[in-house]
Amino acid sequence: MASNSHQEPWFLENGNVRTLSKEMRHGRTHHYMSSSSFRRKSDLKLVSKVPISCLRQLLANLQEVILGTKLFVLFPAIPLAIAAETYGFGRPWVFVLSLLGLTPLAERVSFLTEQIAYYTGPTVGGLLNATCGNATELIIAIFALSEHKIALVKYSLLGSILSNLLLVLGTSLFCGGIANLRREQKYDRRQADVNSLLLLLALLCHLLPTLFRHSGALPELTVVPTIQLSRASSIVMLLAYTAYLVFQLWTHRQLFEAQEESEDGAEDEEEVPVIGFWSGFVWLVGMTIVIALLSEYVVSTIEDASDSWGLSVSFLSIILLPIIGNAAEHAGAIIFAFKNKLDISLGVALGSTTQIAMFVVPLCVVVAWIMGIHMDLDFNILETTSLALSIIATAFTLQDGTSHYMKGLVLLLCYIVIAACFFVSKTPLQTLGQANVVNSGLQMTTKGVLSA
């Protein structure tokens, strides 16, 4: 009877309570399960006593969406960031407050997409999670593109990939190994193999433009072909990612259902949404707008923070942005590793990496193409080499289906070395300026080619 108190028609807006069946449970992504470790169970007894239906529903939604996370203490950073920007406070403070505000928003977007998936079914829910899973990175990249900060786009996306592969996965394997010293940790290799193959394809698509650009030919002979090769490679990656979604949501759905069956257990037999479909949709749109606003603040203040703190833009973008922006998801993956649920931790780290490398990065190239901005997949030799070694090290780590703390330690040490490399880099403005100079030179070269 206690469970029925949470299934009142007014609370679900449409009067229909939908339990989470085995098929619906497939809509639960590893991103959601990781972020669920930060959820707080809401007590709606006081709210249910409000006599006015609309007010009762509004208060219930506020309690579930705003107070339903352990990260709700960070929500005040959002109005503080807006106030700091409006009244001209220190630009580094705007940068820090915006990053802190993005942390609970990223977790709440995961929660809202899961709530909507209860009503749309597992397939649409999976597509929605695939689209919104890394909404923060995508929005920051688009704002940076609009300001022609191409290097910042590359840095932030590269940082997300490196942090997921080395920091999140490494910490998860290390902490899981320490917490389960007397038990052998195993995981399903099938999903890891698919993600590794896709990451190797992404690496090939990044390597070829970089090698082509630095092949020794004259710059005017390689600039335009590098852009063309990057756009063709981006289209290939988007097609591969589409095939991956078909593989995950349709043709091999049973593979992921079997994993979730063992992860969820009998305790998740009957689950119901806590907010209605339209409430979830409105909240998702509203939080996306706030994420866009804070992302604009981050893009516009990162150089000021770099100058104030004496840190390079590359270090802030590659190291600091991904760690703070996705702290909730990353911490959730580590918590599940402590519980010896490595499949969830791997799903978070590899799934997010695959989504950024195979979807967000090529989408940014295509969006830049539409905007008339010449963005390529040449991430420079240092950055591309770091990416290549990270993917190869991760592929070797996951090849046998078992884990221990030494594997995680090696990945963590790799991340520390890469972080140290970008920490000693002290060319913040020149790095960004170089991309704009190349972009301007490309426009002149393109005009020359077309006129010829």
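Quantities reported herein were computed from a predicted structural model and do not represent experimental measurements.

Section: the confidence of the model for the chain
Logical step 1: Residues of the chain with pLDDT of at least 70 account for 77%, and the chain-wide mean is 80.
Logical step 2: This model gives residues 258-269 a pLDDT under 50, and the stretch forms 22 contacts once residues within four places in sequence are excluded.
Logical step 3: Low confidence marks residues 444-452, where pLDDT is under 50. Its contacts with residues over four positions away, or in another chain, come to four contacts.

Overview of the packing of helix α13 (residues 277-309) against helix α14 (residues 313-325)
Logical step 1: It is the contact of α13 with α14, at a shortest axis distance of 9 Å, that shows an interaxial angle of 115°. One finds that α13 runs roughly perpendicular with respect to α14. In the packing of α13 onto α14, the handedness of the crossing is right-handed. Residues V298, I302, E303, A305, S306 and W309 of α13 form the contact with α14, whose own contacting residues are V313, L316, S317, L320 and L321.
Logical step 2: Of the residues in the contact of α13 with α14, the class split is eight nonpolar, two polar and one charged.

Re the pattern of salt bridges
Logical step 1: Enumeration over the complete set of coordinates arrives at eleven salt bridges.
Logical step 2: Salt-bridge contacts for D304 lead to R91; the nearest nitrogen and oxygen are separated by 3.3 Å. Placement of the pair is D304 in helix α13 and R91 in helix α6 (residues 91-120), with a sequence separation of 213 residues.
Logical step 3: Assessed through its relative accessible area of 31%, D304 is described here as partly exposed.
Logical step 4: In this structure, R213 and D376 form a salt bridge, with 2.6 Å as the shortest nitrogen-oxygen distance. With R213 in helix α10 (residues 189-213) and D376 in the loop between α16 (342-370) and α17 (381-397), this pair connects stretches of sequence that are 163 residues apart.
Logical step 5: Here R213 falls in the buried class, since its relative accessible area comes to 17%.

Conventions adopted
- Residues numbered from 1 in each chain as written.
- Predicted model: local features only at pLDDT ≥ 70, side-chain atom pairs only at ≥ 80, totals over all residues.
- Heavy atoms only, no water.
- pLDDT = per-residue confidence, 0-100.
- Contact = heavy atoms within 4.5 Å.
- Axes fitted to C-alpha atoms, helices over the stretch in contact; angles between N-to-C directions.
- Helix = DSSP H or I, 4+ residues; strand = E, 2+ residues; numbered from the N terminus.
- Parallel < 35°, antiparallel > 145°, perpendicular 65-115°, else oblique.
- Left-handed = near helix turned anticlockwise from the far one by under 90°.
- Nonpolar A, V, L, I, M, F, W, Y, C, P; charged D, E, K, R; others polar.
- Salt bridge = Lys/Arg side-chain N within 4 Å of Asp/Glu carboxyl O.
- Buried < 20%, exposed > 50% of the residue type's maximum accessible area, 1.4 Å probe, protein only.

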